[in-house]
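Spelled out from the first residue to the last, the chains are:
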Amino acid sequence: MNRFAKYIAFTGCLALLLSFTGKHPQEPHVVTLRFHSVIGNHSLELGRSYVNALGDTIAVQRFKYYVSNIIITDAVGKDVYLFPRRYYLVDAEDSASQSIQLKIPALPLKQVRFTLGVDSIRNVSGVQTGALDPLHGMFWTWNSGYIMAKLEGVSSSAHVPGQRFTYHVGGFKAADNTARVITLDLPPGTAPVDEINIAADINAWFKGGFLLKIGEHPICHSPGGLAVQIADNYKGMFSISSVR
Amino acid sequence: MRFCKTIWVVVLLLVTGIAWVAADNAYFRPRPVKFTVPAGWPQPVYDFKSNPLTQEGIALGRELFYDGRLSKDGNFSCGSCHQQFGAFDTYDHNLSHGFDNSFTTRNAPGLFNLAWQKEFMWDGGINHLDLQPLAPLTAPNEMAETLENVMAKLKADKKYRAMFKAAFGDETINTQRMNKAISQFVLTLVSSNSKYDKVKRGEASFILPEQLGYDIFKKKCNSCHTEPLFTDFSYRNTGLKADPYLNDVGRMKITGNPADSLKFRVPSLRNVARTFPYGHDGRFFSLSSVFEHYRNGMTVMHNTDSLLQHKLALSNFEIGQLTAFLYTLTDSSFLTNPRFAPPGSENIGKAPVDIHL
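Per an unreviewed UniProt entry, chain B goes by the name Cytochrome c peroxidase and belongs to Hydrobacter penzbergensis. Looking at chain B in UniProt, the text filed under Subcellular location (unreviewed entry) is "Periplasm".

Rendered as structure tokens:
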């Protein structure tokens, strides 16, 4: 019986030890970043015709971009939550791809920052997996590098076969870099945040510091000057539409 | 006491279980292969730590390299354009055949000593060896396939699932693993056993014309076709006017810089006797036509290389000696190594033909 007691004690200790090394029992709080596409005041429906900010009629068929290296700051301005080396491909066609879950405590938050695109190191490190898998058609095979963002559709202003405008914006080398850091301030508040809704306005692609007239530039398929100008425009496409 | 026994039985079962699992893993562990750097060569630039060579990885890469199913219609494997007897170029073709009666727009270079190469293609557009297969797989004038379809074909194949597991530990098949395996195979294509190499190692000696050719080579060619790899991997304009149908601007396509117009990577001259036709678009059908270009045919442009601003003076005598030397760069053991041939052909290899008599 004495031995039996020992076994009980031993198993008890073991169980206790295991409970220490095990996961924290409390479920961590999750903040969801939810992206949705708009064109001016309308929410974007793929394949439907709209008039863009420069008066060109467009129907968007494809709209995708990379979001990476997210950084969230809390409202006290003290704690910063970093999500390095995490890459998401937001695709207007795939609603699951539009929400990003981040483990952050229930807190009032102040700022969201992320990179639109893929940092240069991932552009020179061979074949990647997950969102960065070249399978997703966001990688140039003949001139290695990621397409940071893609916008395609038809427009009567595009004087090319199929009236298709195709903007594949990429380039990671110094002067050609098309990755952009986006900083968005949340409306001031004291309530803990569960969900941040971010609007991506396609109009920004066309009308920014540079006027992207489809008649003049229906196509961008390589790194260089035009891609950089479009990138400077799309840097301004995001805004926070609501916070819960 | 009964309880005690039960505990013992459980412990025993556990130990056997763990041992079984561990043994199983050991059994499946891929066997490492050492990459040997030939004496006197620089260190390779390929990062072997991120993709260690293993027997199983190399075997898988070789299987993929020679598998036509990776292309849309099943006809075009990597090996259909990169043929061993041509030092892995397309033998005797200025341009290579691709899907649906199309042609590539450039001459397929030989594949060897890729571990020392940082950038790939004539214009250096590809910045990592692991990325290279993506280009021919998806190009409409080469293998014309989508990566999704390639993945689906591989995943449906029992043999590939087993080979991926043997090479990488589990059956996951993705583009990264496929390309790493192909890299492993092509990295083993090291050509370092030509007569030239044997002379360098003191195992053979040049006959007189070869020696004279070598001396001329060191004076007139070595600054671009630098030993021991016979290229310095730079991009240079050698006064070749663009073919009006191909309109290939070369390096400028990648950099967008007009100063790089019509610059192409200096090709290695190893196995050059086997890699005809020559030049980025295969316009030269013989070595003598290349020499003729250097001494007469060149169109000197504003950005033609400073070493070639006055073309290259070469006498007929020098051309003869240079040719004799270039023939010593043929590595017949490389060209006939059964380990590089299509899988399963190990036993039908013929005796190596020594072509630098």
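Novice: How should the domain arrangement of chain B be read in this particular structure?
Specialist: It is common to report an interface's size as the accessible area lost on association of the parts. All names here are of chain B. The domains assigned to chain B are domain 1 (48–191) and domain 2 (195–330). A separation of 27 Å is found between the C-alpha centroids of domain 1 and domain 2. Across the contact, 24 residues belong to domain 1 and 24 residues belong to domain 2. Summed over both sides, the interface between domain 1 and domain 2 buries roughly 2,200 Å², with carbon and sulfur atoms accounting for 54% of that surface. On the surface where domain 1 and domain 2 come into contact, there are 1 salt bridge. Among the ionic pairs, Asp248 bridges to Arg106, the shortest N-O distance being 2.6 Å. Applying the counting criterion to the domain 1 and domain 2 interface returns 12 residue pairs in polar contact (both at pLDDT 80 or more). Grouping the amino acids of the side of domain 1 that touches domain 2 by side-chain chemistry returns 9 nonpolar, 10 polar and 5 charged.

Novice: Before we go on, may I ask you to explain the pairing of strand S7 (residues 109–116) of chain A in this structure?
Specialist: Side-chain positions along a regular strand alternate between the two faces of the sheet. Residues and elements named next belong to chain A. When you tally the buried positions in S7, you get 6 out of 8 residues, the bulk of the element. Of the strand pairs in this sheet, strand S4 (residues 57–74) and S7 are connected by 6 bridges, and their pairing is antiparallel. Note that in S7 the partner of Asp74 across the bridge is Leu109. Sheet analysis places S7 next to strand S11 (residues 180–185), joined by 6 bridges and oriented antiparallel. Bridging from a neighbouring strand, Val112 pairs with Leu184 of S11.

Novice: Looking at this structure, how should I read the interface of chain B and chain A?
Specialist: Between chain B and chain A, the residue contacts involve 21 residues of the former and 20 residues of the latter. In this assembly, chain B packs against chain A so that about 1,800 Å² is buried in total across both faces, 62% of it on carbon and sulfur atoms. It is Asn127, Leu131 and Gln176 of chain B that lose the most area in chain B upon contact with chain A, and together they represent 25% of the buried surface on that side. Counting across the chain B and chain A interface gives 0 salt bridges. The interface formed by chain B and chain A includes 5 residue pairs in polar contact (both at pLDDT 80 or more). Broken down by secondary-structure element, the contributors of at least two residues to the side of chain B that touches chain A are helix H1 (2–28), helix H4 (134–138), helix H5 (147–155), helix H7 (175–187) and helix H10 (252–255) of chain B. Tallied by class, the residues present in the side of chain B that touches chain A amount to 10 nonpolar, 8 polar and 3 charged.

The rules behind these values
Residues numbered from 1 in each chain as written. Chains lettered and ligands numbered in written order. Predicted model: local features only at pLDDT ≥ 70, side-chain atom pairs only at ≥ 80, totals over all residues. Heavy atoms only, no water. UniProt positions renumbered as here; feature names shortened; annotations may be inferred. Domains from an automatic or database assignment. Contact = heavy atoms within 4.5 Å. Buried area = accessible area lost by both parts, 1.4 Å probe. Salt bridge = Lys/Arg side-chain N within 4 Å of Asp/Glu carboxyl O. Polar contact = N/O pair within 3.5 Å; in protein donor to acceptor, adjacent residues only side chain to side chain. Nonpolar A, V, L, I, M, F, W, Y, C, P; charged D, E, K, R; others polar. Buried < 20%, exposed > 50% of the residue type's maximum accessible area, 1.4 Å probe, protein only. Helix = DSSP H or I, 4+ residues; strand = E, 2+ residues; numbered from the N terminus. Pairing = 2+ DSSP bridges.

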